Every structure is written in C-alpha cells, then in structure tokens.
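# Inside the fold
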Amino acid sequence: MDSTTKPSLLDKILNQFQAWAIENPKHPISSTLLPIIGLLEGIFAHLLFTYPVYLDMKRRKFGSTFCCTGEVVLADFKTIETNLTTPQARSWYLGMSPLSARHCPQGDVGGRNVFLISLSDTAAGGEDHDAFRQCVEDYFFTDEMKARQQDPIGQQLLETLGNDYRELMGENRLEDFFTNDQRGLMGFLIRYLHYVIFAINPEDEAAIATLTKFHYTRRGTLHYFAASHILEWFNLLGWREIPGMIDEVATIYEQSPVLANFQENNPKYNNMTRRELAKLMVALMSIAALQGPLHLGRTAMGHQSLPRYQGHQTSEIEVTTYWDKLDLDDTSSIKLFLLECGRLFTPVSGSHRVATEPFTVEVAGKTRTFPPGTTILIPLILGMLSEEFWGPTTYDFQPQRENLCPYHMGFHSVGDRHAGRICPGRDLALEMLTDVISVVGKVRRSQLG
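What comes next is a walk through the structure. (Residues numbered from 1 in each chain as written. Predicted model: local features only at pLDDT ≥ 70, side-chain atom pairs only at ≥ 80, totals over all residues. Heavy atoms only, no water.)

### Points about the pairing of strand β6 (residues 359-363)
Side-chain alternation along β6 places Phe-359, Val-361 and Val-363 on a buried face and Thr-360 and Glu-362 on a face that remains uncovered. One ladder, built from 5 bridges, connects β6 with strand β7 (residues 366-370); its direction is antiparallel. Counterpart to Val-361 in the pairing with β7 is Arg-368. (Buried < 20%, exposed > 50% of the residue type's maximum accessible area, 1.4 Å probe, protein only. Helix = DSSP H or I, 4+ residues; strand = E, 2+ residues; numbered from the N terminus. Pairing = 2+ DSSP bridges.)

As structure tokens, this is what we get:
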C-alpha cells in the first residue's frame, strides 16, 4: 500500500462490506445489496474519475488485493499475467461493469446466448465459446480482410480521412474531426471497419446511415450494460427503439458479401446460424471494434489527455509532441507509440473471470476464503501500471521502453500469449491506426509548416 494514500472511513466500509458479501453470497443482505453496490460504484467510478484512475487509486489505498464493483480485484502483476494466459470461466461483467443478460445477442429473443464476453472457455467448463469464436475468426478475420485494408477502397478511405483533418484544421474546427459522427475519425471508422470486415460498400449511404445511427449517434453500445434498463424503462432518448435498430444492423450484416456463402448448422461451430453470427457481430462491433480504436485514436492524436493518476504528471504529457517527431514511414515506431498510449490509457481497463474453486487471499488485513462462483476482476490497466514490473518510469511516456510488446496487456493477452481470448481484431486495429497516424500525421505537418 502507498503510505501517502490513506483510505477514508467510507473507503474502508465499502471495501470490507463487499469482501464480506462476496465471501457470503447466499446471505440475504449480500444477494440484495451487492448487485446494487456493484452497479452504483461502477457508474460512480466512470462518471467522477475514469476506470484507470479509480482502479489505480484503489490499489494505492488497499494494496494489490481489494474489492470493487462487487468483484474481488487481484492486481499483482504475476496474477494478472496468469489470469490472461489460462482458461476463463465467465459471467455477466465487462471489467467493472455488470452486463445485461436479458439484452445479450439472441438471448434477447429467447434464443441461446452467443455473447462471447459472457461465455466460458471450453477448458473452463463452457460449451460454446470456442466454437463461436472460431466461426467469427474463420469468416471475418481472414486473408481477404487483410487484402481489403490495402486495396484502393481502403486506401481511399484513409485519404479522405486525411483530407477531413486538413479541412477541419484549416477551419479551426479540429474538435469536429474527433466528435462528428458523420465525418472525421468516427465517419472513417464506420466506413473502413465495415468495409474491411464485412466488405460492405462504404458508398452505400443507406447502410452507413443505419450503422452510424446505432453504433455512434444513439450509443447502441450501452444497450448491453445493466444500467441500460433505466433508459429502457423510461424510454429516455427513445431507448425502446434500440432493439429494432439492432435487428436492422444484424440484417445488414447477414446480407453482407462476407456472409453470402455462410453454411448453416456446421458442427464445427456448434451449429451456429447466420442470424446468430450476425447478432453476435452487432455486439462485437458495438462494444469493441468501433469503441477501442476510437478511444486509442483520440488519445494518440491528442484529443483526450492521458489520465490524471494521483501523484504523477501523466495528464500533462503532450502526446502530440511525440506524434510530431515520429518517423511516419516507420510502422514499427508508430505501433510502439500506439502501444504506449494504450499502456497508459487502455480502452478496456479490465476483464473478468469466475472462480471455479475456493481461493484464499488477504483483503484489508483479514484472510478471507471466497467460494466458487466469485467474480474476479482482471485489472489490465493495473498490470500496465505495475511499478514492480515497469519500474520508476511506469507513469512516463516512453514508446521505446523494454518489454512493451511482449508484456502489453491492452488486448486481453500478455503480448502474444493468451488462452484463446485475445482480441480477435488486435492486428487489424493496430495496422489501421498505424496507417491513420501516418496519413493524418503527414497532413498535420503540412499544415503546421
């Protein structure tokens, strides 16, 4: 524990109550209050801090083992490394945020759950995860997808992005480049990723309008989180329209060129149907593919600052000064730059697993034994902020730091090591953003003189 950071009385009560409740999940008080506390603490952590800052602050107050958002957090580097490289049983969490089982793809229409995030690995007792993931990889993350990244259409989309940056920078409206969902970075991601992954024509304005409206304008990502029920109950912002919009997007995916020759009921994929795969991809695109690169791109191009970690000057680092000095024709240097941005401010701060057997750890000075079924937070960001591993320069921006590639945890892996749950779009995202940083960087330099 950081001796300069003392937990408040409320911090202590919250940590100790959650530890007791998680240790005794069948007690009526636990089953009633723990889900509420988990939801509210997650919202609080997101709105008043950022998840990285909140988790970093918690570790400074309580050490490497504590309780947060209804989960047990095991934050020492070696444990995080082990959890990312061994099979995982899963539940209804995305990091610190509880998910909605009722809103999961295909579960929302009474079908079987195809939500990869909540499905356990086969080696951890699950039945469908490995087969469904293999289906995603075999149909979408292919050599043909890689070829589309380099073909004239993919390159034209990059050129258009650069032109948007030039125009908006010249008009002193660079904010729009990052926040206008019709053009700039968001408009590019909708068109580029749907072209590269699904071969959807980026000039099909009707399809692009539908995809943009759901994924970005109406923030469809929120539909999969437990808190979305509040929006649905009160029909805030017309939220009851979201299920219908999901069906529209799924139909676009079903009819995409990539799924034109889809074979139904293949035993290799546990008889996955075309509709199941399409609904799964709506969730995957909304939660990961269109949010992760947006977050990392905004960080790398200076739209959002690095987090304000307590006791450090990380938030004052001007990332654009590093961008402006990069060799924009050196893809290796650009990827290291992106990885360092992601190390200090990863788009996904945490993952989770479910304990399949009892385990004993010390929480706030007391030894506790937690039962099977306990949800364990895997704090990716705390692995990447481990001063034990990264040393005294942990909170500094150093793209050339030792072990950045082999120990980066931002894609739900330890470098290239994982147990089958690495982000399937990692290489696509890094190569795409490498091109973005190069193309937009050259435009930026031409404008800055």
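### Looking at the sheet that holds strand β8 (residues 375-378)
If you walk across this open sheet you meet the 4 strands as β1-β2-β8-β5, and the pairing is mixed. Taken across any chain shown, the strands that pair with only one partner, and hence form the sheet edges, are β1 (65-68) and β5 (351-354). On average, adjacent strands in this sheet sit at an angle of 35° to one another, irrespective of strand direction. In the sheet, β5 pairs with β8 via 4 bridges, with the strands oriented antiparallel. Pairing of Val-354 across the sheet is with Thr-375, part of β8. Each of β1 and β2 (71-74) is contacted by helix α1 (residues 9-23), which is oriented at about 85° to β1, the strand it contacts most. Strands β1 and β8 of the sheet are contacted by helix α3 (residues 51-62), whose axis makes an angle of about 130° with β1. (Axes fitted to C-alpha atoms, helices over the stretch in contact; angles between N-to-C directions. Contact = heavy atoms within 4.5 Å.)

### Quick look at the environment of Lys-12
Mapping Lys-12 onto the fold places it in helix α1. Once the C-alpha coordinates of Lys-12 and Lys-61 are considered, the two residues, 49 residues apart in sequence, prove to be 9.4 Å apart. Those residues in contact with Lys-12, other than ones at most four positions away along the chain, are Pro-7 and Phe-62.

### With respect to the nonpolar core
Ranked by size, the top nonpolar core spans 122 residues in total, and within it Phe-140, Tyr-253, Leu-277, Phe-337 and Ile-437 carry the most contacts. With 11 residues, the top contributor of residues to this core is helix α9 (residues 184-198). If we ignore the near neighbours within four places in the chain, the residues touching Tyr-253 are His-194, Phe-198, Ile-200, Leu-211, His-215, Leu-259, Ala-278, Met-281, Val-282 and Met-285. (Core = buried A, V, L, I, M, F, W, Y, C linked by side-chain atoms within 4.5 Å.)

### Some words on the side chain of Gln-106
Tracing the backbone through its elements, the reader meets Gln-106 in the loop between β4 (97-98) and α5 (129-139). Take Gln-106: its relative accessible area is 11%, and that puts it in the buried class. When sequence neighbours within four positions are dropped, the list of residues in contact with Gln-106 reads Gly-111, Arg-112, Val-114, Arg-275, Glu-276 and Lys-279.

### A short note on α9
Between its terminal C-alpha atoms α9 stretches 21 Å, which fits the 21 Å expected from 15 residues at 1.5 Å a residue. Counted residue by residue, α9 has 15 buried out of 15 residues, so it is predominantly covered. Once α9 ends, the next one or two residues include Ala-199, with phi positive near 65°. (Expected span 1.5 Å × (residues − 1).)

### Considerations on the packing of aromatic side chains
Applying the stated criterion across every chain yields a total of 22 aromatic pairs. With a centroid separation of 5.9 Å and 40° between ring planes, the pair formed by Phe-17 and Trp-20 is classed as tilted. Of this pair, Phe-17 and Trp-20 both sit in helix α1, 3 residues apart, which is roughly one turn of the helix. Here the aromatic rings of Tyr-139 and Phe-262 are separated by 4.9 Å at their centres, their planes lie at 45°, and the arrangement is tilted. Here Phe-262 lies in the loop between α12 (242-254) and α13 (274-289) and Tyr-139 lies in helix α5, a separation of 123 residues in the sequence. What makes Tyr-139 buried here is its relative accessible area of 17%. Taken together, the ring pairs connect Phe-77, Phe-389, Trp-390 and Tyr-407 into an aromatic cluster. Taking NZ or CZ as reference, Arg-343 lies 5.5 Å from the ring centre of Trp-390, over its face. (Phe/Tyr/Trp six-rings, centres within 6.5 Å; stacked < 30°, edge-to-face > 60°. Lys NZ or Arg CZ within 6 Å of the ring centre and 35° of its normal.)

### Points about the pairing of β8
Where burial is concerned, the two faces of β8 agree: the one with Thr-375 and Leu-377 and the one with Ile-376 and Ile-378 are both buried. Note that β2 and β8 share 2 bridges and pair parallel. When the bridges of β8 are listed, Val-73 appears paired with Leu-377.

### Let's talk about the layout of surface pockets
Approximately 340 Å³ is the volume found for the second largest pocket. In terms of lining, the second largest pocket is formed by 18 residues, of which the most central are Leu-34, Pro-35, Gly-70, Tyr-93 and Thr-375. The leading source of residues in the lining of the second largest pocket is helix α2 (residues 28-48), at 6 residues. Looking at side-chain class alone, the lining of the second largest pocket contains 11 nonpolar, 7 polar and no charged residues. (1 Å grid on protein atoms, 1.4 Å probe; cavity = no way out; pocket = protein on both sides within 12 Å on 5 of 7 lines; lining within 4 Å. Points joined across faces, edges and corners; volume = space filled by probe spheres on them. Nonpolar A, V, L, I, M, F, W, Y, C, P; charged D, E, K, R; others polar.)

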